[in-house]
Amino acid sequence: MKKDVKIQLLDRCNLSSHERALRYMDFNEVWTEFNNVNSQPKSIYQGILEAVDAQVIRRALRTVLVILFFGVILINEEPKGLEDNALGINSPSATANHVSAPIETEQIPQFKNVVLDLHE
Amino acid sequence: MTIGEYKRNKYCKDLYQDHYTNVFVFVQRRIEDENKTSAIVKEVFIQAFDDLLTNEIRDVSKLTHLYKISTEMCDKSVEQINTRYVHLSDEMTSDMLDQMGSISNRQSAIQKLKRLVNALSLREIQLLELRFSERTTFYDGGYILKISEQMAKLKTYRLLGKMHHMINS
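All values derive from a computational prediction rather than experimental measurement.

Participant: In this structure, what is going on with the overall build of chain A? I would like to understand it.
Facilitator: Regarding its fold elements, chain A presents six helices and one strand. Starting at the N terminus, the α and β elements of chain A follow one another as β-α-α-α-α-α-α. A buried classification covers 2% of the 120 residues belonging to chain A.

Participant: So what exactly am I meant to see when it comes to helix α6 (residues 122–132) of chain B here?
Facilitator: Given 3.6 residues per turn, any residue in an α-helix points the same way as the ones three and four places further on. Buried residues of α6 of chain B: Gln126, Leu127, Leu128, Glu129, Leu130, Arg131 and Phe132 of chain B, and no others. Summarising the contacts, the buried residues of α6 of chain B are in contact with α4 (90–100), α7 (138–145) and α8 (149–168) of chain B.

Participant: Please explain unusual backbone geometry as it appears in this structure.
Facilitator: Leaving glycine out, the prevailing phi sign among residues is negative, and the prevailing peptide bond configuration is trans. Residues and elements named next belong to chain B. With a phi close to 60 degrees, asparagine 82 is a non-glycine residue in the positive phi region. Among the secondary structure elements, asparagine 82 is positioned in the loop between α3 (62–81) and β1 (83–87). Look at arginine 135: it is not a glycine, yet its phi comes out positive at around 55 degrees. Structurally, arginine 135 can be placed in the loop between α6 and α7.

Participant: Explanation requested: the packing of helix α2 (residues 27–39) of chain A against helix α2 (residues 34–54) of chain B in the structure shown.
Facilitator: Two numbers describe a pair of packed helices, the interaxial angle and the distance between the axes. Orientation of α2 of chain A relative to α2 of chain B, taken along the N-to-C sense of each, is 55 degrees, at an axis distance of 10 Å. Viewed along their axes, α2 of chain A and α2 of chain B adopt a mutual orientation that is oblique. Note on packing geometry: the crossing formed by α2 of chain A with α2 of chain B is right-handed. Across from Val30, Glu33, Phe34 and Val37 of chain A in α2 of chain A, the residues of α2 of chain B making contact are Lys42, Phe45, Ile46 and Phe49 of chain B.

Participant: Is there a simple way to think about the confidence of the model for chain B in this case?
Facilitator: Overall, the predicted model of chain B reaches an average pLDDT of 89, with 99% of residues at or above 70. Ranking the helices and strands of chain B by mean pLDDT puts α7 of chain B first, with 94, and helix α5 (residues 106–119) of chain B last, with 86.

Participant: Can you walk me through α5 of chain B in this structure?
Facilitator: An ideal rise of 1.5 Å per residue puts 20 Å on 14 residues; α5 of chain B measures up with 20 Å between its terminal C-alpha atoms. Among the residues of α5 of chain B, those classed as buried are Ala109, Leu113 and Val117 of chain B. Seen from one end, α5 of chain B has its buried residues packed into an arc of 70 degrees, which puts them on one side. Facing away from the buried surface of α5 of chain B by more than 90 degrees, the exposed residues are Gln107, Ser108, Gln111, Arg115 and Ala119 of chain B. If you follow the buried residues of α5 of chain B, they end up packed against β1 (6–10) of chain A together with β1, α4, α6 and α8 of chain B.

Participant: I would appreciate a short explanation of the nonpolar core in the present structure.
Facilitator: Considering soluble globular proteins, one finds that nonpolar side chains tend to be buried as a cluster. Within the largest apolar cluster, 41 residues are counted, with the highest numbers of intra-cluster contacts made by Val23, Val27, Ile40, Val41, Val44 and Phe45 of chain B. Counting contributing residues, this core receives three or more from each of domain 1 (3–81) and domain 2 (90–168) of chain B.

Participant: How do you make sense of the packing of α4 of chain B against α8 of chain B when you look at a structure like this?
Facilitator: All names here are of chain B. At a minimum axis distance of 9 Å, the contact between α4 and α8 shows a crossing angle of 90 degrees. Judged by the angle between their axes, α4 and α8 are roughly perpendicular. Side by side, α4 and α8 meet where Met96, Gln99 and Met100 of the first sit next to Leu160, Met163 and His164 of the second. Here the contact of α4 with α8 is composed, by residue class, of four nonpolar, two polar and no charged.

Participant: What is the right way to read the interface of chain B and chain A from this model?
Facilitator: With 32 residues of chain B at the interface, the matching set in chain A holds 24 residues. Only α1 (3–31), α2, α3, β1, α5 and α6 of chain B provide two or more residues apiece to the side of chain B that touches chain A. Of all the elements, α1 of chain B adds the most residues to the side of chain B that touches chain A, at 10 residues. Sheet topology places β1 of chain A next to β1 of chain B; five bridges connect them, and they run parallel. Its bridge partner being in β1 of chain B, lysine 6 of chain A is matched across the sheet by threonine 83 of chain B.

Rules behind the numbers
- Residues numbered from 1 in each chain as written.
- Chains lettered and ligands numbered in written order.
- Predicted model: local features only at pLDDT ≥ 70, side-chain atom pairs only at ≥ 80, totals over all residues.
- Helix = DSSP H or I, 4+ residues; strand = E, 2+ residues; numbered from the N terminus.
- Buried ≥ 20, exposed ≤ 12 C-beta atoms within 10 Å, placed from the backbone.
- Contact = placed C-beta atoms within 7 Å.
- Axes fitted to C-alpha atoms, helices over the stretch in contact; angles between N-to-C directions.
- Parallel < 35°, antiparallel > 145°, perpendicular 65-115°, else oblique.
- Left-handed = near helix turned anticlockwise from the far one by under 90°.
- pLDDT = per-residue confidence, 0-100.
- Expected span 1.5 Å × (residues − 1).
- Arc of directions from axis to C-beta.
- Core = buried A, V, L, I, M, F, W, Y, C linked by C-beta atoms within 7 Å.
- Domains from an automatic or database assignment.
- Nonpolar A, V, L, I, M, F, W, Y, C, P; charged D, E, K, R; others polar.
- Pairing = 2+ DSSP bridges.

This is the structure we're talking about:
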């Protein structure tokens, strides 16, 4: 509201009586105008808003936000079982190295002996 | 006309006939001009038909909802014409003074009260009008001005207290 609105006090009420007010009463005119306003083509945005209850949209948005909130928390949490493995023995990369690395008998003397024994 | 259309028409016609004069007088108190009032009241009912046919108003009466729309429309109109009329009837001033408590010189108090009302903000005047002119409850007054019932009560009594202090000083 603008601040420069002039307030004008009126001691004597020049109000129309109910009978005088009734002179302006014309339901058919208002009803026709109401139907004209409602029959005007509306934008897609207005149509969507009217078709779907605003409360339904609010609920859906709230649900999506809650799911996103908990989803982010769950994604950021590290999986259990790997988190306290300081040596990285169980880590996927460590396991892969163990599998792919060739076992060289020269590096393990006791195995070398076992192989020799079998030949004998 | 289908049955649905007939029902809609009848519902709106009843609403219009039941509350037209009350809304007209409500708007005229603020706008003064009869023709402008008539145009605003027409807009009020078009808006009200739209509201009441799509949503059920449960918390307040239909008339209170009509007053709420009327207040919004009047505020828009007042912005354009830059003048807001306030009808201070003898009954209204008398009720306000009664609510304030002990007043020594009543005639002088009425003159002071009028000067004080002239210096109030439009929002404060609206609170007083709804309480002492339309005689709405604080709940309805809060609904019309889009504030809580407690806030309407608090602001009205604080305002009366302030005015009482200024009248007695």
